[in-house]
Amino acid sequence: MSSDSLAIYVHIPFCTKHCAYCDFNTYVEQAQSRIVSDTVEAICTDIRHTSQTLSPEQASRPITSIFFGGGTPTFLSGEQITRVLQTLYDTFVIAPDAEISSEANPTSSDAEKFAQMREAGFNRLSVGVQAFQDPILIALDRFHTANEAERTLQTAQAAGFDNVNLDLMFGLPKQRLSDWEESLHRAIALQTNHLSLYALTLEAGTRFERLYAGGKLDLPGEDAEVEMYERAIELLTEQGFEHYEVSNFARKGYQSRHNRVYWENREYLGFGAGAVSYLAGRRWKRERLPTQYV
(Lines give C-alpha, C1' and ligand atoms only; values in the text may rest on other atoms or scores of the structure.)
Protein backbone atom coordinates (compact mmCIF):
# COMPACT_ATOMS: atom_id res chain seq x y z
CA MET A 1 0.00 0.00 0.00
CA SER A 2 1.30 3.42 -0.96
CA SER A 3 1.88 5.87 1.89
CA ASP A 4 -0.35 8.44 0.16
CA SER A 5 -3.25 6.01 -0.33
CA LEU A 6 -6.52 6.13 1.56
CA ALA A 7 -9.05 3.49 2.64
CA ILE A 8 -12.84 3.67 2.90
CA TYR A 9 -15.19 1.90 5.31
CA VAL A 10 -18.96 1.72 4.67
CA HIS A 11 -21.21 0.69 7.57
CA ILE A 12 -24.50 -1.03 6.77
CA PRO A 13 -26.24 -1.09 10.17
CA PHE A 14 -29.02 -3.60 9.51
CA CYS A 15 -29.52 -7.27 10.35
CA THR A 16 -32.34 -9.77 10.11
CA LYS A 17 -31.69 -10.88 13.69
CA HIS A 18 -29.52 -9.69 16.57
CA CYS A 19 -26.87 -12.18 17.72
CA ALA A 20 -26.52 -12.84 21.46
CA TYR A 21 -22.86 -11.73 21.63
CA CYS A 22 -22.94 -8.69 19.34
CA ASP A 23 -22.57 -5.09 20.51
CA PHE A 24 -21.95 -3.55 17.08
CA ASN A 25 -24.06 -0.64 15.90
CA THR A 26 -26.79 -2.78 14.32
CA TYR A 27 -30.58 -2.66 14.05
CA VAL A 28 -33.08 -5.38 13.18
CA GLU A 29 -35.22 -4.25 10.25
CA GLN A 30 -37.32 -5.61 7.41
CA ALA A 31 -35.47 -5.50 4.10
CA GLN A 32 -38.21 -3.42 2.47
CA SER A 33 -38.58 -0.88 5.30
CA ARG A 34 -38.30 2.81 4.47
CA ILE A 35 -35.36 3.41 6.80
CA VAL A 36 -33.23 0.93 4.82
CA SER A 37 -33.75 2.67 1.49
CA ASP A 38 -33.37 6.09 3.17
CA THR A 39 -30.08 4.97 4.72
CA VAL A 40 -28.72 3.85 1.36
CA GLU A 41 -29.64 7.24 -0.07
CA ALA A 42 -28.01 9.01 2.90
CA ILE A 43 -24.77 7.02 2.53
CA CYS A 44 -24.54 8.05 -1.13
CA THR A 45 -25.19 11.68 -0.18
CA ASP A 46 -22.60 11.45 2.61
CA ILE A 47 -20.00 10.14 0.16
CA ARG A 48 -20.58 12.95 -2.32
CA HIS A 49 -20.71 15.66 0.34
CA THR A 50 -17.57 14.46 2.15
CA SER A 51 -15.54 14.46 -1.07
CA GLN A 52 -16.44 18.13 -1.52
CA THR A 53 -15.15 19.02 1.97
CA LEU A 54 -11.72 17.49 1.39
CA SER A 55 -8.74 19.42 0.14
CA PRO A 56 -7.76 18.77 -3.51
CA GLU A 57 -4.77 16.76 -2.28
CA GLN A 58 -6.93 14.60 -0.01
CA ALA A 59 -9.67 14.09 -2.60
CA SER A 60 -7.15 12.92 -5.21
CA ARG A 61 -5.49 10.29 -3.01
CA PRO A 62 -5.93 6.80 -4.51
CA ILE A 63 -8.34 4.52 -2.66
CA THR A 64 -6.65 1.14 -2.30
CA SER A 65 -9.11 -0.53 0.07
CA ILE A 66 -12.90 -0.38 0.46
CA PHE A 67 -14.66 -2.43 3.11
CA PHE A 68 -18.43 -2.82 3.57
CA GLY A 69 -19.13 -3.94 7.15
CA GLY A 70 -22.06 -4.02 9.52
CA GLY A 71 -24.46 -5.19 10.52
CA THR A 72 -24.90 -7.24 7.40
CA PRO A 73 -24.01 -5.53 4.11
CA THR A 74 -25.67 -8.34 2.14
CA PHE A 75 -28.89 -7.51 3.99
CA LEU A 76 -29.20 -4.92 1.20
CA SER A 77 -30.42 -5.91 -2.22
CA GLY A 78 -27.85 -6.40 -4.95
CA GLU A 79 -28.99 -3.14 -6.53
CA GLN A 80 -28.61 -1.21 -3.26
CA ILE A 81 -25.14 -2.44 -2.33
CA THR A 82 -23.79 -1.98 -5.86
CA ARG A 83 -25.29 1.53 -6.00
CA VAL A 84 -23.23 2.56 -2.96
CA LEU A 85 -20.08 1.12 -4.52
CA GLN A 86 -20.80 2.89 -7.82
CA THR A 87 -21.19 6.17 -5.92
CA LEU A 88 -17.69 5.65 -4.51
CA TYR A 89 -16.36 5.00 -8.02
CA ASP A 90 -18.09 8.13 -9.29
CA THR A 91 -16.71 10.25 -6.44
CA PHE A 92 -13.22 9.07 -5.51
CA VAL A 93 -10.11 7.87 -7.34
CA ILE A 94 -10.31 4.10 -6.91
CA ALA A 95 -7.01 2.34 -7.62
CA PRO A 96 -7.26 -0.26 -10.42
CA ASP A 97 -6.03 -2.97 -8.05
CA ALA A 98 -8.07 -1.84 -5.03
CA GLU A 99 -9.22 -4.49 -2.57
CA ILE A 100 -13.01 -4.15 -2.40
CA SER A 101 -14.50 -6.28 0.37
CA SER A 102 -17.89 -6.97 1.83
CA GLU A 103 -18.99 -8.92 4.85
CA ALA A 104 -21.71 -11.48 4.10
CA ASN A 105 -23.95 -13.78 6.10
CA PRO A 106 -24.96 -17.17 4.70
CA THR A 107 -28.72 -16.58 4.87
CA SER A 108 -28.61 -13.13 3.27
CA SER A 109 -26.53 -14.15 0.26
CA ASP A 110 -27.28 -16.04 -2.93
CA ALA A 111 -25.76 -16.68 -6.35
CA GLU A 112 -27.55 -13.76 -8.01
CA LYS A 113 -26.44 -11.25 -5.38
CA PHE A 114 -22.85 -12.48 -5.42
CA ALA A 115 -22.82 -12.25 -9.24
CA GLN A 116 -24.11 -8.66 -9.09
CA MET A 117 -21.50 -7.73 -6.51
CA ARG A 118 -18.68 -9.34 -8.45
CA GLU A 119 -19.69 -7.55 -11.65
CA ALA A 120 -19.89 -4.22 -9.78
CA GLY A 121 -16.29 -4.53 -8.61
CA PHE A 122 -16.29 -6.39 -5.29
CA ASN A 123 -13.35 -8.81 -5.26
CA ARG A 124 -13.24 -10.05 -1.67
CA LEU A 125 -15.84 -11.48 0.72
CA SER A 126 -15.74 -12.03 4.47
CA VAL A 127 -18.33 -14.65 5.46
CA GLY A 128 -19.56 -14.79 9.05
CA VAL A 129 -19.56 -18.50 9.80
CA GLN A 130 -18.46 -18.46 13.50
CA ALA A 131 -18.69 -22.26 13.94
CA PHE A 132 -19.37 -25.46 12.00
CA GLN A 133 -21.51 -27.11 14.69
CA ASP A 134 -25.24 -26.45 14.58
CA PRO A 135 -25.80 -26.58 18.39
CA ILE A 136 -23.14 -23.89 18.85
CA LEU A 137 -24.65 -21.76 16.08
CA ILE A 138 -28.05 -22.01 17.80
CA ALA A 139 -26.50 -20.93 21.10
CA LEU A 140 -25.01 -17.89 19.34
CA ASP A 141 -28.41 -16.93 17.87
CA ARG A 142 -26.98 -17.45 14.41
CA PHE A 143 -29.66 -18.24 11.85
CA HIS A 144 -27.73 -20.46 9.48
CA THR A 145 -26.56 -24.06 9.66
CA ALA A 146 -23.03 -25.36 9.12
CA ASN A 147 -24.06 -26.84 5.77
CA GLU A 148 -25.60 -23.52 4.68
CA ALA A 149 -22.32 -21.80 5.51
CA GLU A 150 -20.44 -24.31 3.35
CA ARG A 151 -22.82 -23.80 0.45
CA THR A 152 -22.47 -20.02 0.75
CA LEU A 153 -18.72 -20.24 0.39
CA GLN A 154 -19.04 -22.56 -2.60
CA THR A 155 -21.60 -20.18 -4.17
CA ALA A 156 -19.21 -17.25 -3.67
CA GLN A 157 -16.36 -19.17 -5.28
CA ALA A 158 -18.60 -20.12 -8.22
CA ALA A 159 -19.45 -16.41 -8.66
CA GLY A 160 -15.76 -15.63 -9.11
CA PHE A 161 -14.66 -14.77 -5.57
CA ASP A 162 -11.33 -16.50 -5.02
CA ASN A 163 -10.41 -14.13 -2.16
CA VAL A 164 -12.73 -15.18 0.68
CA ASN A 165 -12.30 -14.87 4.42
CA LEU A 166 -14.18 -16.92 7.00
CA ASP A 167 -14.86 -15.55 10.48
CA LEU A 168 -14.67 -18.18 13.23
CA MET A 169 -15.08 -17.78 17.01
CA PHE A 170 -13.65 -19.69 19.96
CA GLY A 171 -14.31 -19.74 23.69
CA LEU A 172 -18.01 -20.28 22.94
CA PRO A 173 -20.82 -21.92 24.94
CA LYS A 174 -20.89 -25.70 24.41
CA GLN A 175 -17.59 -25.53 22.48
CA ARG A 176 -14.87 -28.11 23.13
CA LEU A 177 -11.35 -28.18 21.72
CA SER A 178 -12.43 -30.96 19.35
CA ASP A 179 -15.26 -28.73 18.03
CA TRP A 180 -12.80 -25.92 17.42
CA GLU A 181 -10.39 -28.22 15.60
CA GLU A 182 -13.27 -29.50 13.45
CA SER A 183 -14.23 -25.94 12.49
CA LEU A 184 -10.64 -25.15 11.51
CA HIS A 185 -10.31 -28.34 9.45
CA ARG A 186 -13.60 -27.69 7.63
CA ALA A 187 -12.53 -24.12 6.85
CA ILE A 188 -9.21 -25.35 5.45
CA ALA A 189 -10.95 -28.06 3.40
CA LEU A 190 -13.12 -25.37 1.79
CA GLN A 191 -9.94 -23.86 0.32
CA THR A 192 -10.28 -20.50 1.99
CA ASN A 193 -7.26 -18.23 1.76
CA HIS A 194 -7.94 -16.12 4.85
CA LEU A 195 -9.30 -16.82 8.34
CA SER A 196 -10.24 -14.35 11.07
CA LEU A 197 -10.40 -16.02 14.49
CA TYR A 198 -12.03 -14.19 17.38
CA ALA A 199 -12.30 -15.06 21.05
CA LEU A 200 -15.74 -14.47 22.51
CA THR A 201 -15.88 -11.21 24.46
CA LEU A 202 -18.77 -10.56 26.84
CA GLU A 203 -19.73 -7.05 25.79
CA ALA A 204 -21.85 -4.85 28.05
CA GLY A 205 -25.53 -4.80 27.13
CA THR A 206 -25.52 -8.06 25.15
CA ARG A 207 -27.73 -11.05 25.94
CA PHE A 208 -24.62 -13.14 26.63
CA GLU A 209 -23.39 -10.62 29.19
CA ARG A 210 -26.74 -10.74 31.01
CA LEU A 211 -26.84 -14.54 30.94
CA TYR A 212 -23.29 -14.80 32.27
CA ALA A 213 -24.00 -12.30 35.06
CA GLY A 214 -26.98 -14.44 36.05
CA GLY A 215 -24.94 -17.65 36.10
CA LYS A 216 -26.77 -19.03 33.07
CA LEU A 217 -23.97 -19.12 30.51
CA ASP A 218 -21.43 -21.91 30.73
CA LEU A 219 -18.21 -20.92 28.95
CA PRO A 220 -14.85 -22.66 28.53
CA GLY A 221 -12.32 -21.44 31.07
CA GLU A 222 -9.42 -19.13 30.29
CA ASP A 223 -6.96 -22.03 30.01
CA ALA A 224 -9.25 -23.79 27.52
CA GLU A 225 -9.57 -20.59 25.49
CA VAL A 226 -5.79 -20.14 25.37
CA GLU A 227 -5.44 -23.78 24.29
CA MET A 228 -7.87 -23.17 21.41
CA TYR A 229 -5.96 -20.11 20.26
CA GLU A 230 -2.57 -21.83 20.44
CA ARG A 231 -3.95 -24.87 18.63
CA ALA A 232 -5.24 -22.62 15.84
CA ILE A 233 -1.82 -21.00 15.43
CA GLU A 234 -0.15 -24.41 15.32
CA LEU A 235 -2.61 -25.97 12.88
CA LEU A 236 -2.87 -23.04 10.48
CA THR A 237 0.89 -22.48 10.41
CA GLU A 238 1.31 -26.14 9.49
CA GLN A 239 -1.16 -25.60 6.65
CA GLY A 240 0.80 -22.68 5.19
CA PHE A 241 -1.06 -19.75 6.69
CA GLU A 242 0.83 -16.68 7.88
CA HIS A 243 -0.24 -15.31 11.28
CA TYR A 244 0.08 -11.64 10.30
CA GLU A 245 -2.13 -9.99 12.93
CA VAL A 246 -3.52 -11.09 16.33
CA SER A 247 -6.74 -12.55 14.90
CA ASN A 248 -5.88 -12.95 11.23
CA PHE A 249 -4.27 -15.70 9.18
CA ALA A 250 -3.66 -15.67 5.44
CA ARG A 251 -2.09 -17.71 2.71
CA LYS A 252 0.66 -15.94 0.77
CA GLY A 253 -0.73 -13.00 -1.20
CA TYR A 254 -4.06 -12.93 0.67
CA GLN A 255 -3.42 -10.65 3.63
CA SER A 256 -6.32 -8.23 4.01
CA ARG A 257 -5.29 -4.73 3.02
CA HIS A 258 -8.10 -3.28 5.08
CA ASN A 259 -7.06 -5.15 8.22
CA ARG A 260 -3.58 -3.74 7.78
CA VAL A 261 -4.96 -0.19 7.43
CA TYR A 262 -6.26 -0.38 11.00
CA TRP A 263 -3.34 -2.44 12.31
CA GLU A 264 -0.79 0.07 10.95
CA ASN A 265 -2.86 3.14 11.99
CA ARG A 266 -3.31 4.37 8.40
CA GLU A 267 -5.93 6.90 7.34
CA TYR A 268 -9.46 6.08 6.21
CA LEU A 269 -12.89 7.62 5.68
CA GLY A 270 -16.03 6.07 7.16
CA PHE A 271 -19.56 6.35 5.77
CA GLY A 272 -22.82 5.14 7.31
CA ALA A 273 -24.42 5.28 10.77
CA GLY A 274 -21.76 5.16 13.48
CA ALA A 275 -18.85 4.90 11.03
CA VAL A 276 -15.49 6.26 12.21
CA SER A 277 -13.05 8.27 10.08
CA TYR A 278 -9.38 9.04 10.69
CA LEU A 279 -7.69 11.71 8.61
CA ALA A 280 -5.00 14.37 9.16
CA GLY A 281 -4.59 13.48 12.82
CA ARG A 282 -8.30 13.76 13.58
CA ARG A 283 -10.73 10.96 14.43
CA TRP A 284 -14.50 11.40 14.27
CA LYS A 285 -17.70 9.37 14.18
CA ARG A 286 -21.00 9.66 12.30
CA GLU A 287 -24.37 9.68 14.09
CA ARG A 288 -25.09 6.17 15.43
CA LEU A 289 -28.86 6.02 14.95
CA PRO A 290 -29.89 5.46 11.32
CA THR A 291 -32.79 7.93 11.65
CA GLN A 292 -30.42 10.62 12.94
CA TYR A 293 -27.82 9.75 10.31
CA VAL A 294 -30.42 10.08 7.57
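Residues numbered from 1 in each chain as written. Predicted model: local features only at pLDDT ≥ 70, side-chain atom pairs only at ≥ 80, totals over all residues. Heavy atoms only, no water.

### Observations regarding the pairing of strand E11 (residues 268-271)
- Burial of E11 is two-sided: the residues Tyr268 and Gly270 facing one way and the residues Leu269 and Phe271 facing the other way are all buried.
- Bridging between strand E1 (residues 6-12) and E11 involves four bridges; their strand directions are parallel. When the sheet's bridge partners are listed, Ala7 is paired in E11 with Tyr268. (Buried < 20%, exposed > 50% of the residue type's maximum accessible area, 1.4 Å probe, protein only. Helix = DSSP H or I, 4+ residues; strand = E, 2+ residues; numbered from the N terminus. Pairing = 2+ DSSP bridges.)

### Overview of the packing of helix H7 (residues 177-189) against helix H9 (residues 222-238)
- Contact geometry of H7 with H9 gives a least axis separation of 10 Å together with a crossing angle of 30°. Judged by the inter-axis angle, H7 sits roughly parallel to H9. Two packed elements cross with a definite hand, and for H7 against H9 that hand is right-handed. Residues Leu177, Trp180, Glu181, Leu184, His185 and Ile188 of H7 pack against Glu227, Met228, Tyr229, Arg231, Ala232, Leu235 and Leu236 of H9.
- When the residues that make up the contact of H7 with H9 are grouped by side-chain class, the tally is nine nonpolar, one polar and three charged. (Axes fitted to C-alpha atoms, helices over the stretch in contact; angles between N-to-C directions. Parallel < 35°, antiparallel > 145°, perpendicular 65-115°, else oblique. Left-handed = near helix turned anticlockwise from the far one by under 90°. Contact = heavy atoms within 4.5 Å. Nonpolar A, V, L, I, M, F, W, Y, C, P; charged D, E, K, R; others polar.)

### A look at the side chain of Ser277
- By the secondary structure assignment, Ser277 is in strand E12 (residues 276-279).
- With relative accessibility at 1%, the residue Ser277 sits in the buried group.
- A polar contact of 2.8 Å, which involves the side chain of Ser277, links it to the backbone nitrogen of Gly270.
- Not counting residues up to four positions away in its chain, the partners in contact with Ser277 are Tyr268, Leu269, Gly270, Arg282, Arg283 and Trp284. (Polar contact = N/O pair within 3.5 Å; in protein donor to acceptor, adjacent residues only side chain to side chain.)

### Focus on H9
- In this model, H9 (17 residues) spans 24 Å end to end at C-alpha, consistent with the 24 Å of a helix rising 1.5 Å per residue.
- When we look at burial in H9, the residues that qualify are Met228, Ala232, Leu235 and Leu236. For H9, the angular spread of the buried residues around the axis is 90°, confining them to a single face. Those residues of H9 that are exposed and aimed more than 90 degrees away from the buried face are Glu222, Asp223, Glu230 and Glu238.
- The inward-facing, buried residues of H9 contact strand E7 (164-170), H7, strand E8 (194-199) and strand E10 (248-250).
- Following H9 by one or two positions, Gly240 has its phi on the positive side, about 95°. (Expected span 1.5 Å × (residues − 1). Arc of directions from axis to C-beta.)

### Description of the packing of aromatic side chains
- Tallying each qualifying case throughout the model produces nine aromatic pairs.
- With a centroid separation of 6.3 Å and 45° between ring planes, the pair formed by Phe92 and Phe271 is classed as tilted. Linking Phe92 in the loop between helix H3 (78-91) and strand E5 (94-104) with Phe271 in strand E11, this pair joins segments that are 179 residues apart in sequence. A single burial state applies to Phe92 and to Phe271, both of which are buried.
- Summarising the aromatic geometry, the rings of Phe170 and Trp180 are spaced 5.2 Å apart at their centres and angled 45° between planes, so their arrangement reads as tilted. Placement of Phe170 in strand E7 and of Trp180 in helix H7 is noted, with a sequence separation of ten residues between them.
- Three or more aromatic residues joined by ring pairs make a cluster, and in this case those are Phe170, Trp180 and Tyr229.
- Its end group placed over the ring of Trp284, Arg282 keeps NZ or CZ at 4.3 Å from the ring centre. (Phe/Tyr/Trp six-rings, centres within 6.5 Å; stacked < 30°, edge-to-face > 60°. Lys NZ or Arg CZ within 6 Å of the ring centre and 35° of its normal.)

### What about helix H4 (residues 111-120)?
- Of the positions making up H4, those classed as buried are Lys113, Phe114 and Met117. Projected down its long axis, H4 shows its buried positions confined to an angular sector of 95°, all on one face. Exposed residues on H4 whose side chains face more than 90 degrees from its buried face are Glu112 and Glu119.
- Here the buried face of H4 lies against H3, E5, strand E6 (124-130) and helix H6 (146-158).
- Where H4 begins, one side-chain oxygen reaches toward the backbone nitrogen of Glu112, 3.2 Å away; that side chain belongs to Asp110.

### What to know about unusual backbone geometry
- Residues Gly70 and Gly71 are joined by a peptide bond in cis, for which omega reads 20°.
- Note on placement: Gly71 falls in the loop between strand E4 (63-70) and H3.
- Non-glycine residue Asp141 carries a positive phi angle of around 70°.
- For Asp141, the position within the fold is in the loop between helix H5 (134-139) and H6.
- Overall, Asp141 belongs to the buried group, its relative accessible area being 15%.
- Within the chain, Lys174 stands out as a residue other than glycine whose phi angle is a positive 70°.
- On the secondary structure map, Lys174 appears in the loop between E7 and H7.

Nothing here speaks to function; it is all geometry.
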